[in-house]
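# Structure assessment
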Amino acid sequence: MDLLRHCWYFVLGLFLCSDYAWMSPPETLKLVSVLYRHGDRSPTTVYPLDKNKPEIAWPDGLGWLTTLGMQQQYELGQYLKKHYDGFLNKSYYNHNEILIQSSGIERCLMSAYSNLAGLFPPQGEQIWKNDLLWQPIPVHTTNDSTDNKLALGAPCPRYDQLNQQVLNSPAMKKEEQDNKDFYEMVEKNTGILKETIKDIWAVGDTLFCEKAHNLTWNDWANQPDVWDKMDKLRTLSFNLLTYTPEMARLKGGPLLKEIISNMQAATQQDNPSPKFYMYSAHDTTVAALLSVMNVFDCHAPMYRALIMVELHYIQNDYYVKISYRNDTTREPYELIPTGCQNPCRLVDFIHITKDFIPDDWDAECKIQQGVFPFDTSLSPASWIALAVGICLSLVIIVGLIALLVKLKRKHIYSQL
């Protein structure tokens, strides 16, 4: 019996993973959730001594989607149209089939609209202007300051506390000490007062954007190995986002919770509506979702990085297939969550990710009362030294109290 079951898993795995299976969506496909990073953008900040002044180099503003980014997302929409041709309506946009949500940040909204232009060009009666093959499609969003799902901007004091503990940990302190000379060099040449692993990504991001748009770097950035070093530190600082399981839970948990909830609801419906969920967001959102699904490889998601989470119904059971496209030169590759067989049954997927799903995100984001107030990132030796210091202090205090009591009694006796 076990042999038959394993053979079945093998055949099913070949079907779900084969290139042939994805020439067109199989009939087993029941629900899709896709998350992608926005397209190419201008840097979000420019360092003070940068020769590329923002008003000249980036006339549209900092952090905005560029025309290149629009083209990238349009092409991604065309890719999704081809990839899911037959699952989504072949002829026209049907609002009952798809729900689009976006981070409230402008570059993500612009990316969603550009993507939809490639995914759903108007056809037939949907053409409302002959020389404009575009149609308005609703994109839902919320204020980024309250969004804990896509923009990840909602306040979470507990996450901030955990993040600070990581930054104060011996590992991070050692990293900063090991790269002290590099940080000082960056400070000197950028005009930034203080550089650490926490914010080195901003300088690296500026250089990355300038390089992508053929802008000339300042001389210091052209020195041998400077960019390689900067890129490594930029990636390391990015990976601090979900450094611990609890941090991953607070950042990626809300979106995964919604995706799982939609899949569970789909198992109770013959024809789910909508059956295609689209999320337009950031590299941090992509990394957070990969982390809580136990498939993150700690590489920074590129522009238009794409996650596809699919629900399949095969032989009276439901299976989850996760594909990732972080390189446009190759087809998406399958990601298998740690602790899951291939293919991954929905019930198993829910089980292995349950610790990353917040029951009450707002409550979990509160700083826990009664938690020991000292920095929990201290090393064991530091804790021992702290405990010894506290004990010695208590001994001295008790001794002083005893001495005062003794002197007071002696004074009373002398008066008598």
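Look a little higher up for the structure.
All of the points below concern the structure found in this document. Here the structure is a predicted model, which means the values were calculated and not measured. (Residues numbered from 1 in each chain as written. Predicted model: local features only at pLDDT ≥ 70, side-chain atom pairs only at ≥ 80, totals over all residues. Heavy atoms only, no water.)

### Here we look at the nonpolar core
Within the largest apolar cluster, 68 residues are counted, with the highest numbers of intra-cluster contacts made by Trp220, Met263, Met293 and Ile307. Here this core takes nine residues from helix 10 (residues 245-266), the largest share from any one element. If we ignore the near neighbours within four places in the chain, the residues touching Met263 are Leu31, Val309, Leu311, Val320, Leu346 and Phe349. The next biggest cluster of nonpolar side chains, apart from the first, holds 24 residues, and it includes Tyr84, Tyr93, Ile100 and Phe120. (Core = buried A, V, L, I, M, F, W, Y, C linked by side-chain atoms within 4.5 Å. Buried < 20%, exposed > 50% of the residue type's maximum accessible area, 1.4 Å probe, protein only. Helix = DSSP H or I, 4+ residues; strand = E, 2+ residues; numbered from the N terminus. Contact = heavy atoms within 4.5 Å.)

### Side note on the packing of aromatic side chains
The tally for this structure, following the rule as stated, stands at nine aromatic pairs. Ring geometry for Tyr84 versus Phe276: centroids 5.4 Å apart, planes at 80°, classification edge-to-face. Here Tyr84 is found in the loop between helix 3 (67-83) and strand 2 (98-102), whereas its partner Phe276 is found in strand 4 (residues 276-281), with 192 residues between them in sequence. Aromatic rings pair up to connect Tyr84, Phe87 and Phe276 into one cluster. A cation over a ring is seen here: Arg325 above Tyr79, with NZ or CZ 4.2 Å from the ring centre. (Phe/Tyr/Trp six-rings, centres within 6.5 Å; stacked < 30°, edge-to-face > 60°. Lys NZ or Arg CZ within 6 Å of the ring centre and 35° of its normal.)

### What to know about the environment of Leu80
For Leu80, the location among the structural elements is in helix 3. Between the alpha carbons of Leu80 and Phe120 there is a distance of 9.9 Å; along the sequence they are 40 residues apart. If we skip the residues at most four places from it in the chain, Leu80 touches Asn115, Leu119, Met278, Leu306 and Met308.

### Considering a nonpolar patch on the surface
On the surface, Ile390, Leu394, Ile397 and Ile401 cluster together into a nonpolar patch covering about 360 Å² of accessible area. Looking at the element boundaries, Ile397 is found in helix 14 (residues 380-415). (Patch = residues over 30% accessible without salt bridge, like charges linked within 9 Å, V, L, I, M, F, W, Y side chains within 5 Å. Areas by Shrake-Rupley, 256 points an atom, 1.4 Å probe, with all protein chains shown as cover. Salt bridge = Lys/Arg side-chain N within 4 Å of Asp/Glu carboxyl O.)

### Quick look at the environment of Val46
When you line up the elements, Val46 lands in the loop between strand 1 (29-37) and helix 2 (54-57). Residues Val46 and Thr206, spaced 160 residues apart in sequence, show a C-alpha to C-alpha distance of 6.2 Å. Not counting the four nearest positions on each side in its chain, Val46 is found in contact with Asn52, Pro54, Trp58, Leu62 and Thr206.

### Some thoughts on the pattern of salt bridges
Inspection of every chain in the model, using the stated rule, returns 12 salt bridges. Between Arg304 and Glu75 there is a salt bridge whose closest N-O contact spans 3.4 Å. Of this pair, Arg304 sits in the loop between helix 11 (283-292) and strand 5 (306-314) while Glu75 sits in helix 3; the two residues are 229 residues apart in sequence, bridging distant segments of the chain. Arg304 gets classed as buried once you look at its relative accessible area, which sits at 14%. Residue Glu75 is classed as partly exposed on the basis of its relative accessible area of 36%. Where Asp317 meets Arg345, a salt bridge forms, and the shortest distance between an N and an O atom there is 3.0 Å. Highlighted residues: Asp317 in strand 6 (residues 317-325) and Arg345 in strand 8 (residues 344-345), separated in sequence by 28 residues. By relative accessible area, Arg345 is classed as partly exposed at 25%. Residues participating in the shared-partner salt-bridge network are Asp317, Arg345 and Asp348.

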